[in-house]
Amino acid sequence: MAEDSPPIVTKLDGAIAIIRFNRPAQRNPLSISTLNDLESTLLELMPRDDVKALIFTGTADVFASGANIRELAQLNSISALEFSQLGQRVFQRVADARQLTIAAINGYCLGGALDLALACNIRVASVDAIFAHPGARLGIITGWGGTQRLPRVIQKGRALELFLTGRRIMSAEALELGLVSNVSDCPLDTAISIAGSLS
């Protein structure tokens with residue numbers, strides 16, 4: 001997909017909205033433009049009574065790869081705060097959605113992407129999904145709510161270890177930790193099946 005393609009695309013399947021990150025060549029970064037588009041999409045979908053579930057997924061072998069490091073390098077103290085607040089606000093909208101929210105994690109789920117997944121009610125992963133909060137290796141830490149949500153989802157000590165080491169874990173370990181509830185050959189199909197049980 002071209003670099004000028006929309007960062008996310010949304011498809012309505014009955015009462016289910018599928019929100020797909022759409023720039024696999026760039027590893028689906030959660031750039032400023034992506035977060036702004038995601039917020040606009042949420043503001044459009046969340047008030048609708050006919051939409052019962054929101055499913056977030058990626059493309060190719062990437063769910064999403066977190067913040068765009070090149071963008072981070074350009075930030076100053078003011079714009080960095082604004083960027084952090086943007087991500088916090090968008091992911092809090094996901095957490096507060098009255099619809100069921102599901103992350104259908106089809107591959108790499110790194111940094112801010114994991115923060116997004118943690119804001120969802122349910123997380124479903126592909127067999128080869130990979131999770132990490134690599135910020136410690138870059139001298140940074142996530143500012144989008146993951147430091148609060150991850151210890152609530154998995155045991156506090158395990159969460160701290162993942163933050164401090166930046167270690168990657170595969171879907172089998174994520175399932176064991178309780179980070180995901182299902183591992184599936186096709187997480188999107190599994191997520192649609194779960195969402196379909198609402199009707």
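This structure is a prediction, so every number in the text was calculated from the model and none was measured.

Novice: Before we move on, can you summarise the nonpolar core with the specific residues and values?
Specialist: Core analysis: the biggest nonpolar cluster contains 46 residues, and Phe 63, Phe 131 and Leu 179 have the highest contact counts within it. The element best represented in this core is helix H4 (residues 112-119), accounting for 6 residues. In this structure Leu 179 touches Leu 114, Leu 118, Arg 123, Phe 131, Leu 150, Val 153, Ile 154, Ile 169 and Ala 174, once residues within four positions along its chain are discounted. Counting residues in hydrophobic clusters, the runner-up holds 11 residues, among them Ile 16, Ala 104, Val 124 and Ala 191.

Novice: Before we move on, can you summarise the sheet that holds strand E8 (residues 130-132) with the specific residues and values?
Specialist: Read across the sheet, 4 strands follow the order E4-E6-E8-E9 without closing on themselves; strand pairing throughout is mixed. Every interior strand has two partners, whereas the edge strands, strand E4 (62-64) and strand E9 (169-170), have only one. Relative to E9, E8 is paired through 2 bridges, and the arrangement is antiparallel. Paired with Ile 130 across the two strands is Met 170, which belongs to E9. Each of E4, strand E6 (108-110) and E8 touches H4; the most contacted strand, E6, lies at about 95° to it.

Novice: An account of the pairing of strand E7 (residues 122-126) is needed here, citing residue identities and associated values.
Specialist: Residues in a regular strand point their side chains to alternate faces of the sheet. With 4 of its 5 residues buried, E7 lies for the most part within the structure. Across 4 bridges, strand E5 (residues 100-105) lies against E7 in parallel orientation. Residue Ala 104 lies in a different strand from E7, and its bridge partner there is Val 124. Two strands pair when backbone bridges link them, and E7 and strand E10 (residues 182-184) are joined in this way by 3 bridges, in the parallel orientation. The residue bridging Ala 125 from the neighbouring strand is Val 183, located in E10.

Conventions and cut-offs
- Residues numbered from 1 in each chain as written.
- Predicted model: local features only at pLDDT ≥ 70, side-chain atom pairs only at ≥ 80, totals over all residues.
- Heavy atoms only, no water.
- Core = buried A, V, L, I, M, F, W, Y, C linked by side-chain atoms within 4.5 Å.
- Buried < 20%, exposed > 50% of the residue type's maximum accessible area, 1.4 Å probe, protein only.
- Helix = DSSP H or I, 4+ residues; strand = E, 2+ residues; numbered from the N terminus.
- Contact = heavy atoms within 4.5 Å.
- Pairing = 2+ DSSP bridges.
- Axes fitted to C-alpha atoms, helices over the stretch in contact; angles between N-to-C directions.

Structural measurements only, silent on function.
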